[in-house]
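Descriptive structure summary
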Amino acid sequence: MDYKAIAQQTAQEVLSYNQDTSGWKVVKISKKITVSSKASRKFLGNLYRVEGIIPESTFKLSDFLYQPGNRVAWDKALKVYNMIHRIDSDTFICHTITQSFAMGSISPRDFIDLVYIKRCEGNMNIISSKSVDFPEYPPSSNYVRGYNHPCGYVCSPLKENPAYSKLVMFVQTEMRGKLSPSIIEKTMPSNLVSFVLNAKDGIKSHKAPSGRGHHNSHSSFQKKK
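Cut-off values and rules
Residues numbered from 1 in each chain as written. Predicted model: local features only at pLDDT ≥ 70, side-chain atom pairs only at ≥ 80, totals over all residues. Heavy atoms only, no water. UniProt positions renumbered as here; feature names shortened; annotations may be inferred. pLDDT = per-residue confidence, 0-100. Contact = heavy atoms within 4.5 Å. 1 Å grid on protein atoms, 1.4 Å probe; cavity = no way out; pocket = protein on both sides within 12 Å on 5 of 7 lines; lining within 4 Å. Points joined across faces, edges and corners; volume = space filled by probe spheres on them. Helix = DSSP H or I, 4+ residues; strand = E, 2+ residues; numbered from the N terminus. Salt bridge = Lys/Arg side-chain N within 4 Å of Asp/Glu carboxyl O. Buried < 20%, exposed > 50% of the residue type's maximum accessible area, 1.4 Å probe, protein only. Phe/Tyr/Trp six-rings, centres within 6.5 Å; stacked < 30°, edge-to-face > 60°. Lys NZ or Arg CZ within 6 Å of the ring centre and 35° of its normal. Axes fitted to C-alpha atoms, helices over the stretch in contact; angles between N-to-C directions. Parallel < 35°, antiparallel > 145°, perpendicular 65-115°, else oblique. Nonpolar A, V, L, I, M, F, W, Y, C, P; charged D, E, K, R; others polar.

The protein appears in an unreviewed UniProt entry as StAR related lipid transfer domain containing 6 from Ictidomys tridecemlineatus. As stated in UniProt under Function (unreviewed entry), the record for the protein gives "May be involved in the intracellular transport of sterols or other lipids. May bind cholesterol or other sterols."

In structure tokens, the structure reads:
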């Protein structure tokens, strides 16, 4: 399987979502975060678009969202987030296990995702994610194996204040199992708002004294090959 080609194609799809301005319906606005949705072309469900401002540079935000090392420390929706295969410095495969959602009515899911960071002109970065088959991690009977159709983050400098970033996130997750679509549609917008708030808190506490945190954490990722 040509993982690198799939990763590059997924990033292009995320970029096309970002450029698509038609047909979005706002489903939630909370704490200056806007969630919109439209019917996905990939499966019988929704493609969600989430927009917010993060008081951090695009470089730091992109690196923070891309690196797997401290993800479960700040992303309250996840139990496990492990890099299981490094393809190159911009691309890896990760195994994720979610917490249960909606007061336990959505049981934990696991995912095998191909994650890729693409650096574009104008300091814009795309971090894309898409589920793939990875023979070393077959589905287990402990979890329903979910499927992420092309998802990702688009991070770019805020025009009015380039020290801040505009974060636009796209999510189209097929939960699988025996869930009714209405449960997912009710819970997803709030979960997406929570993700952005958790990321804001996480990147704030991630800043280590004297700016050394980023380098230390990055070296620890390299050891996890």
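From this point, the discussion proceeds with the structure in view.
Next up on the list: the confidence of the model for the protein. Considering every residue of the protein, the mean pLDDT works out to 89; 92% of them sit at 70 or more. In this model, residues 208–225 is a region of pLDDT below 50 whose contacts with residues beyond four sequence positions or in other chains number twelve contacts.

What follows deals with the layout of surface pockets. The volume enclosed by the largest pocket comes to roughly 710 Å³. The wall of the largest pocket is formed by 34 residues, among which Arg-71, Asp-75, Leu-78, Thr-173 and Phe-195 lie closest to the centre. Secondary-structure elements contributing two or more residues to the lining of the largest pocket are strand 4 (78–88), strand 5 (91–98), strand 6 (109–119), strand 7 (125–131), strand 10 (151–158), strand 11 (161–171) and helix 4 (181–206). The element that contributes the greatest number of residues to the lining of the largest pocket is helix 4, accounting for six residues.

Between side chains of opposite charge, a pair can form as their charged atoms come close. Inspection of the entire model under this criterion finds nine salt bridges. Close ionic contact of Asp-90 with Arg-119 constitutes a salt bridge, the shortest N to O distance being 3.1 Å. Of this pair, Asp-90 sits in the loop between strand 4 and strand 5 while Arg-119 sits in strand 6, and the two are 29 residues apart along the sequence. We note a salt bridge from Arg-176 to Glu-174, for which the minimum N-O separation is 3.8 Å. In this structure Arg-176 comes out as partly exposed when scored by relative accessible area, which is 39%.

The next point concerns unusual backbone geometry. Unusually for a residue other than glycine, Lys-32 sits at a positive phi of about 65 degrees. For Lys-32, a relative accessible area of 78% puts it in the exposed group. In the Ramachandran plot, Arg-176 falls in the positive-phi region, its phi being about 60 degrees despite a non-glycine side chain. Turning to its location among the elements, Arg-176 is positioned in the loop between strand 12 (173–174) and helix 4.

On to the packing of aromatic side chains, then. Following the criterion strictly, the structure yields eight aromatic pairs and no others. An aromatic cluster of at least three residues, connected via ring pairs, comprises Phe-64, Trp-74, Tyr-153 and Phe-195. In this structure, Lys-38 packs its charged tip against the face of Trp-24, placed 4.9 Å from the ring centre. Sitting over the ring of Trp-24, Arg-49 keeps its end group 5.7 Å from the ring centre.

Now for the packing of helix 2 (residues 58–66) against helix 4. Close contact between helix 2 and helix 4 brings their axes to 11 Å; oriented N to C, the two are set at 110 degrees. By the angle between their directions, the pair helix 2 and helix 4 is classed as roughly perpendicular. Two secondary-structure elements touch here, helix 2 through Lys-60, Leu-61, Phe-64 and Leu-65 and helix 4 through Phe-195, Ala-199, Gly-202, Ile-203 and His-206. Along the lines of polarity and charge, the residues of the contact of helix 2 with helix 4 split into six nonpolar, two polar and one charged.

Moving on, we come to the environment of Pro-162. Tracing the backbone through its elements, the reader meets Pro-162 in strand 11. Residue Pro-162 is classed as exposed on the basis of its relative accessible area, which comes to 55%. Taking the C-alpha atoms as reference, Pro-162 lies 14 Å from Glu-121; in sequence the two are 41 residues apart.

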